[in-house]
Amino acid sequence: MLHATLLVLLVAIIGLTPTASRAAGKDFVIGLSGDATSLNPVVATDGQSYIAEWPLFDSLVELDQGLNVKPLLAESWEVSRDGLTYTFKLKRGVKWHDGKPFSARDVAFTFYSVLDPKVTTPHRAYFDALAGFPELTAKENPKRPEELAVRPIEVVDDHTVRFRLRYPSGSFLAVLVNPRAGIVPEHLLKGVDLNTAEFNRRPIGTGPFKLVEWRRGERLVMEANTQYHGGRPALDHLIFRIIPDSVVLLQELRAGGVDFIENPPLTEVARLKRTPTLKVLVADNTSYTYFGWRQDLAPFTDVRVRRALYHAIDVPSIVREVLQGYAAVSTGQFPPSSWAFDPSVKPYAYDPARAKALLAEAGFKPGADGVLTKDGKRFSFSVRHDQANQSVKDTAVIVQEFLKRVGVEAHLEPLDWPTFVKKLFASDFEGIVVGWTNHHDPDPFAYTIWHSSQWKGRNFAHYKNPKVDEALEAARRSGVTAERKKHYAEFSKVLMEDAPYVFLYFPQQVYVTRAGYEGFVPIPTFAGIYQSLKGVRWTGR
Amino acid sequence: MEPGLRTYVLKRVGFAVLMLVGVSIILFTIMRLAPGGPEAVLIGGEFSQEAAAQIRQRLGLDRPLALQYLGWAGAALRGDLGRSFKTGDPVAALILDRLGPTVQLTFGALVLALVVAVPLGVLAAVRRGTIWDTLGSAVALFGVSFPSFWLGIMLILLFSEVFHWLPPSGLSEYGREADLSARVRHAILPTLTLGLIQMASFMRFTRSSLLEVLRQDYVRTARAKGLGGGRVVWRHALRNALIPVVTVVGLSLPTLVGGAVLTETVFAWPGIGRLAVGAVFERDYPVIMGVNLMVATVVISANLLTDLAYCVIDPRISYR
């Protein structure tokens, strides 16, 4: 009797029916697997922070789906004939979330902060072209902007800001976009240590949404900025819920607890596509995954060996099996969506016989255990990779199997991410399977990964080829896209000839949303779809 | 207080403090022996060696280890546990923020486990060898055999996906934090997951302990005096049988906290467990130190209080 009463009571309290408490179409809930770190675009570096910053901050310009630059906080801009001066006219009447007016001083403050060596930011190198860059960012005794003969950033008036470059740069406009170049308010951050500012937890931007609440590890809540210069967003609230387990995230989507998730398990996508209440969105990306090795270690110093490894691996089958087809086979540094992509560059075809022949040519003979040997040394090396990334893990296993078929032995060494990256920094590896996030402009990553001056930068594999250096420098110092395209085509061609990596694939970004929400623009860059949240609306269909 | 007791208490407190210092030194060292470092995570996808060096310098990780420890310990003595490398939040605030959900979850699971396990244990003991006993043992065996992450996901599948009764995850819903029924609905599945696992061992202990007590002379005497079966079990036997169970409950606290780590991750429950797991994966040293120090303090204090309570309660224990 007592038990029955208790049960009735419990059921009454809980009301065992799921309640759809949210106003349909007004509060949009996005499920994320991890929390943001910092909501300050100058210092934030991780993907989750980039995603959460996007609705809060505006950059001077933004990208369209064709990766062309279009106005955002800037109304228009002029580039001088010599390509060394960019003058931006800023939109009038733009207000910060705290009601203060936005002005050209905020723009200058933001980029001087990026250049300030005291500020820990990975974005500094993108502004290499700015006048005075070496002096302002010097490790020893950096100069202050007022000490320079030519000011790199000049506030002409409240609504005009001018940038001066030291060489014409075709990538300059492209690096001024979100989420790496959001503008921050001078009136709240002047004289404050940007690395540790309270602002990074309670940000004030000019973006379409304002931060209302950030419960660490639980959720971020934003509300529509009714004064937004681009018009009030259709959604009232954006709620980012942090749900680490991918299975649970999927359950939440099905149960109605979230309206949008990214990167569902790829094996689930076919089923999700068949669910009438859900919609699958796919966006191309700039990131690619590769199988690489130290260029300066034998036998990888021999180009025949490198090409043999390329011939040994059936990349399309990896795309099919591991990525379920949600990826493009990579032919180098640039994704097919990039203007720098050269379709005439082809990867080495899967041809194990050719791989074996090349290895034999390089002096390798089959050993007693089937593994190739040369001068008494077996062709055996370690391949390190991140243990937590499922597709990378699966890829590494398949690569190992393909190598085995041509007599090459790879030992897989799965490591946790902090350990893996630390070894990468120290160039402490033989082989690796990992990815580069990349940038929608070719310069920022191509230069720092492949230029021989960057062995302390991102050139962990110690690649060096004067022809590549030359092409990258020429492309960097040109403001004309057609010319840059020519240099990058040369770069891509030489790179493929050298076969410094087996460039594997560009994985696509897969999103699932509740049917009835419209207005997503899958911009083909990392997390680019989040730029379109300001235009997302509920149609109910 | 007697002088003997006072000396004993002082000695024990001094020992506890030394133990905490020892724990903190060992923790600090072990943490740094783990490969990798926080810079990898802080840099995100934009890494370069130069940026990594810059971050290590800013965080003070380029200084000798002993100096880093002394710096940390000095601040900790003043009540400052430092700031998270990742978010810049004060560690103490992060811990306080997460304490509530974890206490709610572990306490709820403990109560649930006891409420179910003790009667089941009694039933199994009293009806020893019957179907009830076998059933109870089977339930217990299942309970200890389930890993909490698996059990959690199965419960979500059943109650959210199939029946649509309960929300799959989270602590509450935005805008409904004050709504008690919503909070209870969110708490049911994680509490059940954590509770079921504990239930098993509590039930087994109750059963075996009660069986032992039921064989004692005084129980036989009570029965001989004509007391009813129920009265003998509930009034006389169970009370004594519960003493070892209470000890097991006390000892199970660390297990509960350990289970909470996984349960919190599965159910996106913003507690200490998830904080600790995240900090370990991100090498967020100040947070790892803070959480572990808090746990160590709780355990050492509990031990200290138990020891002191023993010598106050039990006259046979001398304090020299």
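What you see is a predicted model, and the numbers here were worked out from it, not measured in a lab. (Residues numbered from 1 in each chain as written. Chains lettered and ligands numbered in written order. Predicted model: local features only at pLDDT ≥ 70, side-chain atom pairs only at ≥ 80, totals over all residues.)

**Student:** What should I look at first to understand the overall build of chain B in this one?
**Tutor:** Along chain B, the regular secondary structure elements total twelve helices and zero strands. When the helices and strands of chain B are listed from N to C terminus, the series reads α-α-α-α-α-α-α-α-α-α-α-α. Judged by the C-alpha coordinates and their principal axes, chain B covers about 85 × 65 × 35 Å. Here chain B holds 320 residues, and the buried ones make up 38% of them. (Helix = DSSP H or I, 4+ residues; strand = E, 2+ residues; numbered from the N terminus. Buried ≥ 20, exposed ≤ 12 C-beta atoms within 10 Å, placed from the backbone.)

**Student:** For this particular structure, what's the right way to read the overall build of chain A?
**Tutor:** In terms of regular secondary structure, chain A is built from 15 helices and 24 strands. In summary, chain A has a C-alpha radius of gyration of 26 Å against a globular reference of 24 Å for 541 residues, a match within 12%. The principal-axis extents of the C-alpha atoms in chain A amount to approximately 85 × 75 × 40 Å. Residue burial in chain A is summarised as follows: out of 541 residues, 50% are buried. For chain A, restricting intrachain contacts to residue pairs at least 6 apart in sequence, the fraction spanning at least 24 positions comes to 68%. (Rg over C-alpha atoms; globule rule 2.2 N^0.38 Å. Contact = placed C-beta atoms within 7 Å.)

**Student:** Explain the interface of chain B and chain A here, please?
**Tutor:** Where interface size is quoted, it is often the accessible area lost as the parts come together. Contact residues are listed per partner, giving 51 residues for chain B and 47 residues for chain A. Looking at the side of chain B that touches chain A, the elements with two or more residues in it are α2 (38–43), α3 (49–58), α5 (91–126), α7 (148–162), α8 (180–214), α10 (229–266) and α11 (272–281) of chain B. Among the elements that line the side of chain B that touches chain A, the one with the most residues is α3(B), at seven residues. Its residues placed into classes, the side of chain B that touches chain A shows 24 nonpolar, 15 polar and twelve charged. (Nonpolar A, V, L, I, M, F, W, Y, C, P; charged D, E, K, R; others polar.)

**Student:** What is the right way to look at the sheet that holds strand β15 (residues 365–366) of chain A in this model?
**Tutor:** Two strands in a sheet stick together by hydrogen bonds in their backbones, pointing the same way (parallel) or opposite ways (antiparallel). Residues and elements named next belong to chain A. One open sheet accounts for three strands, arranged β15-β16-β17; its pairing is antiparallel. Bordering the open sheet on either side are β15 and β17 (377–378), each of which pairs with just one other strand. Pairing analysis gives two bridges linking β15 to strand β16 (residues 372–374), with the strands arranged antiparallel. Bridged to Pro-366 within β16 is Leu-372. (Pairing = 2+ DSSP bridges.)

**Student:** Which parts of the structure should I look at to understand the pairing of strand β9 (residues 219–224) of chain A?
**Tutor:** Regular strands place side chains that alternate from one sheet face to the opposite one. All names here are of chain A. In the sheet, strand β8 (residues 209–215) pairs with β9 via six bridges, with the strands oriented antiparallel. Following the sheet pairing, Arg-215 is matched in β9 by Arg-219. The antiparallel hairpin formed by β8 and β9 contains three residues in its connecting segment, where Gly-217 sits at a positive phi of about 75 degrees. For β9 and strand β10 (residues 237–242), the ladder comprises five bridges, and the chain directions are antiparallel. Following the sheet pairing, Arg-219 is matched in β10 by Arg-241.

**Student:** Looking at this model, I keep getting lost on the confidence of the model for chain B. Mind explaining?
**Tutor:** When pLDDT is low, close inspection of the predicted coordinates is not appropriate. With 94% of its residues at a pLDDT of 70 or more, chain B shows a mean pLDDT of 84. Our summary of model confidence lists the complex with pTM equal to 0.87 and ipTM equal to 0.81. (pLDDT = per-residue confidence, 0-100.)

**Student:** Quick question: what am I supposed to make of unusual backbone geometry here?
**Tutor:** For residues besides glycine, phi is generally negative; the peptide bonds are generally trans as well. All names here are of chain A. Note that the residue after Asn-178, namely Pro-179, is joined by a cis bond; omega there is 0 degrees. Counting through the fold element by element, Pro-179 comes out in the loop between β7 (160–164) and α5 (186–189). With an omega dihedral of 5 degrees, the bond running from Ala-298 to Pro-299 counts as a cis peptide bond. Within the secondary structure, Pro-299 is located in the loop between β13 (288–293) and α8 (303–312). We note that Asn-438 has phi near 70 degrees; this positive angle belongs to a residue other than glycine. If you check the backbone angles, Ala-499 has positive phi at about 45 degrees while not being a glycine. Its location among the elements puts Ala-499 in the loop between α15 (481–498) and β21 (501–507).

**Student:** How do you make sense of the packing of helix α9 (residues 217–224) of chain B against α10(B) when you look at a structure like this?
**Tutor:** In a packed pair of helices, the relevant descriptors are the angle between the two axes and the axis-to-axis distance. All names here are of chain B. Where α9 meets α10, the closest approach of the two axes is 11 Å, and the angle between their N-to-C directions is 145 degrees. Crossing geometry of α9 relative to α10 is assigned as right-handed. The segment α9 lies against α10, with Val-219, Ala-222 and Arg-223 engaging Val-232, His-236 and Ala-237. Along the lines of polarity and charge, the residues of the contact of α9 with α10 split into four nonpolar, one polar and one charged. (Axes fitted to C-alpha atoms, helices over the stretch in contact; angles between N-to-C directions. Left-handed = near helix turned anticlockwise from the far one by under 90°.)

**Student:** In this structure, what is going on with the sheet that holds β7(A)? I would like to understand it.
**Tutor:** Residue and element names in this part refer to chain A. Taken in spatial order, the four strands make up an open sheet running β4-β5-β7-β6, and their pairing is antiparallel. The open sheet terminates on both sides in strands that have one partner only, identified here as β4 (74–79) and β6 (153–157). Strand after strand, the sheet turns through a mean of 20 degrees between neighbouring axes, direction not considered. Seen against the sheet, helix α3 (residues 104–115) touches β5 (85–90), β6 and β7 and runs at an angle of roughly 175 degrees to β6.

**Student:** Explain helix α10 (residues 352–361) of chain A to me, please; I cannot follow it from the model alone.
**Tutor:** Residue pairs three or four apart in sequence face the same way in an α-helix, which turns once every 3.6 residues. All names here are of chain A. Among the residues making up α10, those that are buried are Ala-355, Lys-356, Leu-358 and Leu-359. Down the axis of α10, the smallest arc covering the buried residues is 165 degrees, so these residues share one side. Across α10 from its buried face, at more than 90 degrees, point the exposed residues Ala-353 and Glu-361. Among the structural elements, α8 and β16 are those in contact with the buried residues of α10. Just beyond α10, the residue with positive phi is Gly-363, at close to 100 degrees. (Arc of directions from axis to C-beta.)

**Student:** What exactly am I supposed to notice about the pairing of β21(A) here?
**Tutor:** Residue and element names in this part refer to chain A. A large share of β21 lies buried, amounting to seven of its seven residues. As judged from the four bridges shared by β13 and β21, these two strands associate in the antiparallel manner. Looking at β21, one finds that Tyr-290 is bridged to Phe-503. In this sheet, β21 lies alongside strand β14 (residues 327–329) in antiparallel orientation, the contact comprising three bridges. When the bridges of β21 are listed, Val-329 appears paired with Tyr-505.

**Student:** Got a minute to help me understand α9(B) in this structure?
**Tutor:** In terms of burial, α9(B) is a largely surface element, zero of the eight residues being buried. Residue Gly226(B) follows α9(B) closely and has a positive phi angle near 95 degrees.

**Student:** How should I be thinking about the confidence of the model for chain A in this particular structure?
**Tutor:** Considering every residue of chain A, the mean pLDDT works out to 92; 96% of them sit at 70 or more. Contacts for the low-pLDDT stretch residues 16–21 of chain A, under 50 throughout, to residues beyond four places or in other chains number nine contacts.

**Student:** Please clarify how the nonpolar core should be interpreted in this entry.
**Tutor:** Note on soluble globular proteins: their nonpolar side chains tend to be buried together. By size, the foremost hydrophobic cluster in this structure holds 131 residues, and its most contacted members are Ile30(A), Leu60(A), Phe127(A), Leu238(A), Ala117(B) and Phe202(B). In terms of residue count, the dominant contributor to this core is α8(B) (twelve residues). Here Leu238(A) is in contact with Phe28(A), Ile30(A), Pro55(A), Phe209(A), Met222(A) and Leu533(A), once residues within four sequence places are set aside. (Core = buried A, V, L, I, M, F, W, Y, C linked by C-beta atoms within 7 Å.)

**Student:** Help me understand the environment of Pro203(A), please; the structure alone is not making it clear to me.
**Tutor:** All names here are of chain A. Within the secondary structure, Pro-203 is located in the loop between α5 and β8. Considered as a pair, Pro-203 and His-97 are 106 residues apart in the sequence and their alpha carbons are 9.0 Å apart. Once residues within four sequence positions are removed from consideration, Pro-203 is found in contact with Leu-39, Asn-40, Leu-56 and Leu-211.

**Student:** What's the story with the packing of α5(B) against helix α6 (residues 131–145) of chain B in this structure? I'm lost.
**Tutor:** Residue and element names in this part refer to chain B. Running from N to C, α5 and α6 cross one another at 140 degrees; their axes reach a closest spacing of 7 Å. Our classification of the angle between α5 and α6 gives oblique. For the element pair α5 and α6, the recorded crossing hand is left-handed. Seen from α5, the contacting residues are Leu-120, Leu-123 and Ala-124; seen from α6, they are Trp-132, Asp-133, Gly-136 and Ser-137. (Parallel < 35°, antiparallel > 145°, perpendicular 65-115°, else oblique.)

**Student:** What should I look at first to understand the environment of Tyr348(A) in this one?
**Tutor:** Residue and element names in this part refer to chain A. The topology assignment puts Tyr-348 in the loop between β14 and α10. Tyr-348 sits in the buried class, given 21 other C-beta atoms within 10 Å. For the pair Tyr-348 and Phe-526, spaced 178 residues apart in the sequence, the C-alpha separation amounts to 27 Å. Beyond its immediate chain neighbours, meaning those up to four positions away, Tyr-348 contacts Arg-307, Tyr-310, His-311 and Ala-499.

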